[in-house]
Protein chains: 2
Amino acid sequence: MTGWSASRSSASEWGASTRGAPRLVVVGGDAAGMSAAAQAKRLAPELEVVVLEEGPHISYAACGISLLVGGAVSDPSDLLAFTPESAGELRGIQVRVWHRVQELDLGRRRLAGVVAGSGESFSLGFDSLVLATGARPLRPPLPGVELPGVFTLRSLSDGLRLRQWLDRWAPRRAVVAGAGYVGLDMAQALRARSMAVTIVKDRPTPLLGLEPELSALAEEELVRNGCLLLRDAPLFCILERGSASAASGSEGALATGPPESSGSVVGVRAGGEDLAADLVLLALGVRPRSRLAEGAGLRLGHGGAVEVDSRARTSAPGVYAAGDCATQIHRVTGRIVYVTQALAANRQGRVAGANAAMDLLGSSGDGRPRPEHPGTLGTAVLRIFDAEVGLVGLGLAAAREAGLDAVATVITSRTNPGYYPTGGPMKVALIAERRTGRLLGGQVAGAAGAAKRVDTLATALHAGMDLAALAELDLGYAPHFSPVRDPILIAARQALRRV
Amino acid sequence: MTGWSASRSSASEWGASTRGAPRLVVVGGDAAGMSAAAQAKRLAPELEVVVLEEGPHISYAACGISLLVGGAVSDPSDLLAFTPESAGELRGIQVRVWHRVQELDLGRRRLAGVVAGSGESFSLGFDSLVLATGARPLRPPLPGVELPGVFTLRSLSDGLRLRQWLDRWAPRRAVVAGAGYVGLDMAQALRARSMAVTIVKDRPTPLLGLEPELSALAEEELVRNGCLLLRDAPLFCILERGSASAASGSEGALATGPPESSGSVVGVRAGGEDLAADLVLLALGVRPRSRLAEGAGLRLGHGGAVEVDSRARTSAPGVYAAGDCATQIHRVTGRIVYVTQALAANRQGRVAGANAAMDLLGSSGDGRPRPEHPGTLGTAVLRIFDAEVGLVGLGLAAAREAGLDAVATVITSRTNPGYYPTGGPMKVALIAERRTGRLLGGQVAGAAGAAKRVDTLATALHAGMDLAALAELDLGYAPHFSPVRDPILIAARQALRRV
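Let me begin by describing the structure that accompanies this report. Just so it is clear, the model here is predicted, and its values are computed rather than measured.

## Regarding the overall build of chain A
Next, step 1: A tally of regular secondary structure across chain A gives 13 helices and 25 strands.
Next, step 2: Against the globule reference of 23 Å for 499 residues, chain A gives a C-alpha radius of gyration of 25 Å, in line with a compact fold.
Next, step 3: For chain A, buried positions account for 59% of its 499 residues.
Next, step 4: Long-range contacts, defined here as pairs at least 24 residues apart, represent 65% of the contacts in chain A between residues at least 6 apart.
Next, step 5: A total accessible area of about 18,600 Å² is found for chain A, and carbon and sulfur atoms account for 49% of it.
Next, step 6: Within chain A, the 48 negative side-chain charges are centred at a point lying 3 Å from the centre of the 52 positive side-chain charges.

## Some thoughts on the pairing of strand β12 (residues 227-230) of chain A
Next, step 1: In this sheet, β12 of chain A lies alongside strand β11 (residues 196-200) of chain A in parallel orientation, the contact comprising 4 bridges. Following the sheet pairing, I199 of chain A is matched in β12 of chain A by L229 of chain A.

## Quick look at the interface of chain B and chain A
Interfaces are often described in size by the accessible area the parts lose on coming together.
Next, step 1: Contacts between the two partners involve 57 residues from chain B and, on the opposite side, 57 residues from chain A.
Next, step 2: Between chain B and chain A, a total of about 4,800 Å² is buried, with carbon and sulfur atoms accounting for 60% of that surface.
Next, step 3: Broken down residue by residue, the surface that chain B buries against chain A is led by Y419, D474 and F481 of chain B, which jointly contribute 16%.
Next, step 4: At the surface where chain B touches chain A, the tally comes to 4 salt bridges.
Next, step 5: Between D486 of chain A and K452 of chain B there is a salt bridge, and its shortest N-O distance comes to 2.6 Å.
Next, step 6: Along the contact surface separating chain B from chain A lie 24 residue pairs in polar contact (both at pLDDT 80 or more).
Next, step 7: In terms of residue count, helix α11 (residues 454-462) of chain B provides more of the side of chain B that touches chain A than any other element does, 6 residues in total.
Next, step 8: By residue class, the composition of the side of chain B that touches chain A is 30 nonpolar, 12 polar and 15 charged.

## Overview of helix α4 (residues 156-169) of chain A
All names here are of chain A.
Next, step 1: Given a rise of 1.5 Å per residue, 14 residues ought to cover 20 Å, and the 20 Å separating the end C-alpha atoms of α4 matches this to within 8%.
Next, step 2: Those residues of α4 lying buried are L156, S157, D158, G159, L162, R163, W165 and L166.
Next, step 3: Buried residues belonging to α4 abut α2 (65-70), β9 (150-152), α5 (181-192) and β16 (279-282).
Next, step 4: Downstream of α4 by one or two residues, A170 has phi in the positive range, about 45°.

## Some points on the sheet that holds strand β10 (residues 173-177) of chain A
All names here are of chain A.
Next, step 1: With parallel pairing, 5 strands are arranged side by side in an open sheet as β9-β16-β10-β11-β12. Here the strands that pair on one side only, and so sit at the sheet edges, are β9 and β12. Strand-to-strand, the axes of this sheet are offset by a mean angle of 20°, without reference to chain direction.
Next, step 2: Direction of pairing for β9 relative to β16: parallel, over a ladder of 3 bridges. Across the sheet, the residue bridging to V150 is V280, located in β16.

## A short note on unusual backbone geometry
Next, step 1: Even without glycine at this site, D232 of chain A takes up a positive phi of about 60°.
Next, step 2: Here D232 of chain A lies in the loop between β12 and β13 (235-240).
Next, step 3: Even without being glycine, A312 of chain B reaches a positive phi, approximately 70°.
Next, step 4: Along the polypeptide, A312 of chain B turns up in the loop between α8 (291-295) and β18 (319-321).

## Side note on the packing of helix α1 (residues 31-43) of chain A against helix α9 (residues 342-360) of chain A
Residues and elements named next belong to chain A.
Next, step 1: Where α1 contacts α9, the two axes come as close as 7 Å, and the packing angle between them is 40°. Classed by the angle they form, the pair α1 and α9 counts as oblique. Once α1 is placed against α9, the crossing between them reads as right-handed. Across the interface between the two elements, A31, A32, S35, A36, Q39, A40, R42 and L43 from α1 touch A345, N346, G349, R350, G353, A354, A357 and M358 from α9.
Next, step 2: Tallied by class, the residues present in the contact of α1 with α9 amount to 9 nonpolar, 5 polar and 2 charged.

## Some thoughts on the sheet that holds strand β3 (residues 94-96) of chain A
Residues and elements named next belong to chain A.
Next, step 1: The sheet built from 5 strands is open, its strands ordered β3-β2-β1-β7-β18 with parallel pairing. With partners counted over all chains shown, the strands left at the sheet margins are β3 and β18 (319-321), one partner each. Neighbouring strand axes in the sheet, compared pairwise and without regard to direction, differ in orientation by 20° on average.
Next, step 2: Note: strand β2 (residues 48-52) against β3, 3 bridges, orientation parallel.

## Observations concerning the side chain of E219 of chain B
Residue and element names in this part refer to chain B.
Next, step 1: As for its position among the elements, E219 is in helix α6 (residues 212-224).
Next, step 2: Overall, the relative accessible area of 16% leaves E219 in the buried class.
Next, step 3: With sequence-adjacent residues up to four places away left out, E219 is seen in contact with L207, L229 and R231.

## Points about the pattern of salt bridges
Next, step 1: Across all of its chains, the model carries 42 salt bridges over all chains by this definition.
Next, step 2: Here D455 of chain A and K452 of chain A are joined by a salt bridge, their closest N and O atoms 2.7 Å apart.
Next, step 3: Under the relative-accessibility criterion, D455 of chain A is labelled buried at 2%.
Next, step 4: A salt bridge links D324 of chain B to R154 of chain B; the shortest N-O distance between them is 2.2 Å.

## Structural notes on the relation of the copies chain B and chain A
Next, step 1: The transformation that overlays chain B on chain A combines an axial shift of 0.0 Å with a rotation of 180°, and the residual RMSD is 0.0 Å. With respect to symmetry, the two chain copies, as superposed, fit the operation of a two-fold axis. Of the C-alpha atoms belonging to chain B, the one lying closest to the rotation axis is found on T456 of chain B, 2.5 Å away.
Next, step 2: Interface overlap between copies is the fraction of interface residues in one copy that are interface residues in the other; for chain B against chain A it reaches 100%, indicating a shared surface.

## Description of helix α9 (residues 342-360) of chain B
Residue and element names in this part refer to chain B.
Next, step 1: The terminal C-alpha atoms of α9, which comprises 19 residues, lie 27 Å apart, in line with the 27 Å expected from a rise of 1.5 Å per residue.
Next, step 2: Of all 19 residues in α9, 16 are buried; the element is thus mostly enclosed.
Next, step 3: Looking one or two residues beyond α9, the residue adopting positive phi is G362, at roughly 65°.

## A look at the packing of aromatic side chains
Next, step 1: Enumeration according to the criterion identifies 4 aromatic pairs over all chains in this entry.
Next, step 2: When the ring of W165 of chain B is compared with that of W169 of chain B, the centres are 6.0 Å apart and the planes differ by 55°; the resulting orientation is tilted. Remark: W169 of chain B and W165 of chain B occur in helix α4 (residues 156-169); sequence separation between them is 4 residues, near one turn of the helix.
Next, step 3: Through successive ring pairs, a cluster of aromatic residues spans F151, W165 and W169 of chain A.

## Observations concerning the side chain of S310 of chain B
Next, step 1: Mapped onto the elements of the fold, S310 of chain B is located in the loop between α8 and β18.
Next, step 2: At 2.4 Å, the side chain of S310 of chain B forms a polar contact with the side chain of E372 of chain B.

## Observations concerning the environment of R331 of chain A
Next, step 1: Structurally, R331 of chain A is set in the loop between β19 (328-329) and β20 (336-337).
Next, step 2: Residue classification places R331 of chain A among the partly exposed positions, given a relative accessible area of 29%.
Next, step 3: Expressed as a C-alpha distance, the spacing of R331 of chain A and R400 of chain A, which sit 69 residues apart in the sequence, is 16 Å.
Next, step 4: Every residue in contact with R331 of chain A, bar those within four places of it in the chain, is listed here: P374, G375, T376, L377 and H462 of chain A together with E472 of chain B.
Next, step 5: At a separation of 3.5 Å, a polar atom in the side chain of R331 of chain A contacts the side chain of H462 of chain A.

## What about the state of the cysteines?
All names here are of chain A.
Next, step 1: Considering all chains together, one arrives at 0 disulfides over all chains under this definition.
Next, step 2: Looking at the unpaired C63, the closest cysteine sulfur is the one in C325, lying at 17 Å.
Next, step 3: With relative accessibility at 31%, the residue C63 sits in the partly exposed group.
Next, step 4: Using a relative accessible area of 0% as the deciding quantity, one classes C325 as buried.

Reading the values: the criteria
- Residues numbered from 1 in each chain as written.
- Chains lettered and ligands numbered in written order.
- Predicted model: local features only at pLDDT ≥ 70, side-chain atom pairs only at ≥ 80, totals over all residues.
- Heavy atoms only, no water.
- Helix = DSSP H or I, 4+ residues; strand = E, 2+ residues; numbered from the N terminus.
- Rg over C-alpha atoms; globule rule 2.2 N^0.38 Å.
- Buried < 20%, exposed > 50% of the residue type's maximum accessible area, 1.4 Å probe, protein only.
- Contact = heavy atoms within 4.5 Å.
- Areas by Shrake-Rupley, 256 points an atom, 1.4 Å probe, with all protein chains shown as cover.
- Lys, Arg positive; Asp, Glu negative; His and termini not counted.
- Charge placed at Lys NZ, Arg CZ, Asp CG, Glu CD.
- Pairing = 2+ DSSP bridges.
- Buried area = accessible area lost by both parts, 1.4 Å probe.
- Salt bridge = Lys/Arg side-chain N within 4 Å of Asp/Glu carboxyl O.
- Polar contact = N/O pair within 3.5 Å; in protein donor to acceptor, adjacent residues only side chain to side chain.
- Nonpolar A, V, L, I, M, F, W, Y, C, P; charged D, E, K, R; others polar.
- Expected span 1.5 Å × (residues − 1).
- Axes fitted to C-alpha atoms, helices over the stretch in contact; angles between N-to-C directions.
- Parallel < 35°, antiparallel > 145°, perpendicular 65-115°, else oblique.
- Left-handed = near helix turned anticlockwise from the far one by under 90°.
- Least-squares fit on C-alpha atoms with pLDDT ≥ 70 in both.
- Phe/Tyr/Trp six-rings, centres within 6.5 Å; stacked < 30°, edge-to-face > 60°.
- Disulfide = S-S within 2.5 Å.

What follows is the structure in C-alpha cells.
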C-alpha cells in the first residue's frame, strides 16, 4: 500500500488510501469497466472504487447504437444501464466522467490526465488498477477521411453525432465501408432511414467468415432489401465536393444533401469505382486502446491488446485489464486472441474487478477461490433485415489455421416444417475435426428463428461434444418452432458421415 | 427363419421368405413405424419390408393436426410425409393401409387380422417384427361420452372428422377437457375458429408440470386470449340435449349449433359446474396400444407400454417395438418411462428398424455396431397464443419423486433488452441437485423467442453440465435476440447461490 498524503478533497491530486480504505481505480466506464467496479464493490464494500471515464456516458448498450441511428430506439437514455449519479447512489461507485487518463506510473501507482472541457489536470493514486479502455474504430489515413460527412461509430456519442447529422442534412446516399457486424447493422439502420446504401468490402471473401453458402444467403437478403454490396472493393479515398475527382454526375443529384459548399464528402473511390455518397461510414474494425498500458510497459498480445490471463492479470502485479482493450482466451484452441464481444467484456470485467478487490482484502481474502474467465467461444448473432445469422467457435479457415484437420458440412433445411404457414429456409454449417468428430465451430443462417439456434452449438462446444452426441440431442419440436428434426440435428448427422 | 410355403400372391395368406428374401413386418405406419421401415430398407435393401397400417394414412405430422383444425393449414396432404404409393416408389417399402392386425403368434411368427372395408381376413408371416402401434386417446366411460359432438384427437382422420363437424355445424361453444399439449393446442385452434372455449383441468396443479410462476404466465395468456380455464374441475359427465340435467339456459342460445334434435351434446358437468357446450374435446392423455403385444405375452412396462431396451428389443427375440406404444429410457434418471414424443418415436423407430434388419442380415451383419436409442429428455416446446413454453428434463416434483435432493430456481428476465422495441418478459426455472449443482431439468416461458431456448438446457442436460458450467456458456447476444446476459445465464447464476 502506498503512503502518499495528498488530500482526496483536491480534484487535481488524490493520493491512495487517505481514508484508510484501499482504492481501486478503473479506467473506462463501459461494459468491462463498470462490471469490474460493481463486482469489486459487491465483494468488498469497504473499498473506495473510482471509475475514470473520458466521455460523458457510462455503461451504455453499444450494440443498441445502430437502433438509435435507425430510429427503432429514440431516447438515448434508454441505452444507459447507469448514469454516473445512479452508479454512485446504487452501487457506491465514484464515477468521474470527462476524465481522460494520459499517464500511468506503475512505480508510484498513480494515474494522471486532464479533465475535458476545463482542461484541468488531475492525478490519482491507486492501490489496485483495472484498465478497461476499450477499443477505437479504425480510421485509415486515406485522402478525405477527415471530411465532414465521414463517420465512425463506436461510442454512444458517435451515434448521437451521426443521428444529428442525419436529422439535420437528410443525406440520401451512404457508403458503408466494411461488412462486419457494425457495417451490416449500420447498413440496415441507414436503409431504415430510406437512404440508398452501398456496402464496400475490401476482400472477395464471404461475409463474417461464414461458409460461402451461408454468406450467400445473407448477401441475397442485403440485395433484396436494397443494399448494394461490392466485394473486393477496398476503399482508396473519399472524394471531396468540388475536387476534380468527384464522382461524375453525382453532385447535381444531391439537392437535399449535406453542406453544398466544397469541402464536404461527395463520394468514395473503392475498388475500381467511384461511388456517389453524401455520407460515408467507416466500419473497418477496431483496435484495442492500449497506449496507456503500452506506455507503462505492460505486455501487449494479439492484435496489440493488453495481454491478460484467465484472471485478467496483466504483466504488472496488481494491474488488471478487461474488455475490448484486452486479450481473450479462445475456448476451442486455448489460444490468446483479440475479439470484442459484449458478454465476454462483461465477464472479464467482473473477473478483473473481483481479483483486484481480493488483492486489497488482505488476510480476509485469503483462501477464497480467485474468479477466472475461462474464455470465449466468440458467439455472435445478428439480424440482416428479415434473415438471421449466428456463429460460434472456429470457421473452417480458422480451424485449419490453428493446425486442426477440419472439415465443414453445410446443410439446408427449414426453420419450421414445410406445411407451416410461416418460417423459411435455414442453413447450418458445422466444422468438425476429422477422425475424432469433435465439434470445432458452427454457423446458422436463415429465416426468423435461425440465429439463437447457435446457442445449442455454443453449449455443445462448451461441453466438448462430438458430432455423434450432437446428433443425439433431444431438441424441442413443435411446428411453430422447428421441423421434427431440428436443422442442427440434420447437420450433425450429415457431418458424421464426412469426418 | 420360418419355412412356410404360403404364396405371397394370396392377399389373405403370405408366408415369410417365399422369395428367399427375409421379411420384416412393421405394424403401424406413422412416425416410428415408417422410420423403422425406411431405416431397415436403407441398411438392407434386399429385405422385403411390409408395413401394415390400420388407417388410411401413413407418416403424418401428428403435431400439425391442430393447425388443420384451426385453419392455419388447409390441405391435409401437406401433413403427409409419404403416401403408401410414394413410400413404395421412393423407398421400396410395401405399405398395406386399412390392415388391422388382431393377432400375433410368436411361435409361428405370423400376424393375422382383417382388412377394413372389405372385411377380408389376412395372415402374414414375418422373420423380424417391429411393433409401432402407437397410442390411443383416453376416453373414460363417462355418461354421454359417445354422444355426437364429443371428440378425441389423435390421428389425421380424427382431425379431418373434427374439421368436417366444425365446417358443417359451426358450433359456438367448446369445452376442452384436459390442459396438456393436445388440449392447449386445440383450445387455440378452436379460438382461431372464433369459438368460445373453456378448458377444464381435473386437478388444481400448474399446467404441464411447470413451476407455478411459469404456469401462471401461460394461464394469463390463455385468459388474455379469451379461453376460460377451470382448474380442479374433473369432468363428471357430458350433458345431452333434452335431458333433465342439460345446462340451464344454454339451449336457446345455441341457435346455430349442431343437431338440434335431442341426443346431441349440450354441455358438460365438470367440478361443481354445468357448462354449456356444443362441442366437447376430450384431451385427457393417451395410453399405449399394446394389446397385440400383451396378447402375445410380451412384457409390458411403465404405463402399460411395451417394454424395450436401448436397442428397442422387446422381451421376445426378433420382436422390436418403438414409438408411442413402447417405453423410453429417461436420460436423467435412467428409468424406464412412458412418454410420447415425435422425435423420440422417430429415433426409436429407426433403431428398431436397424436392429430388426441386422438380425436378418446373417453373417454380413456380424460385428457391426448395433444402433441404440439412449433415451429421451422429454423436451417439449409449445406456443400458447403469443406466449411460448419449453420444458426439458425433470420438474421439481419429478426430481424429488426420483429420490433426488432437488431445488428449483425461478427468475424473470426478458427475451430482449428493455430498450428494444419488441420482446417481452421471460421466465426461466432451473431444477438442480443440491450440493453437486448438477442440472436436472429446466423450463422457459415468455414472449416470442423464449421456447427454443430450452434447447440450450437440453444440450446442457445431455452433457451432464452443472450450474457453474451453465452460467459460463457463451450464448449469442444482440438486441434483436437477447439481453447481454441471456435469461438462461441469469437463471444459472441465481441458481448457483441456492444449491
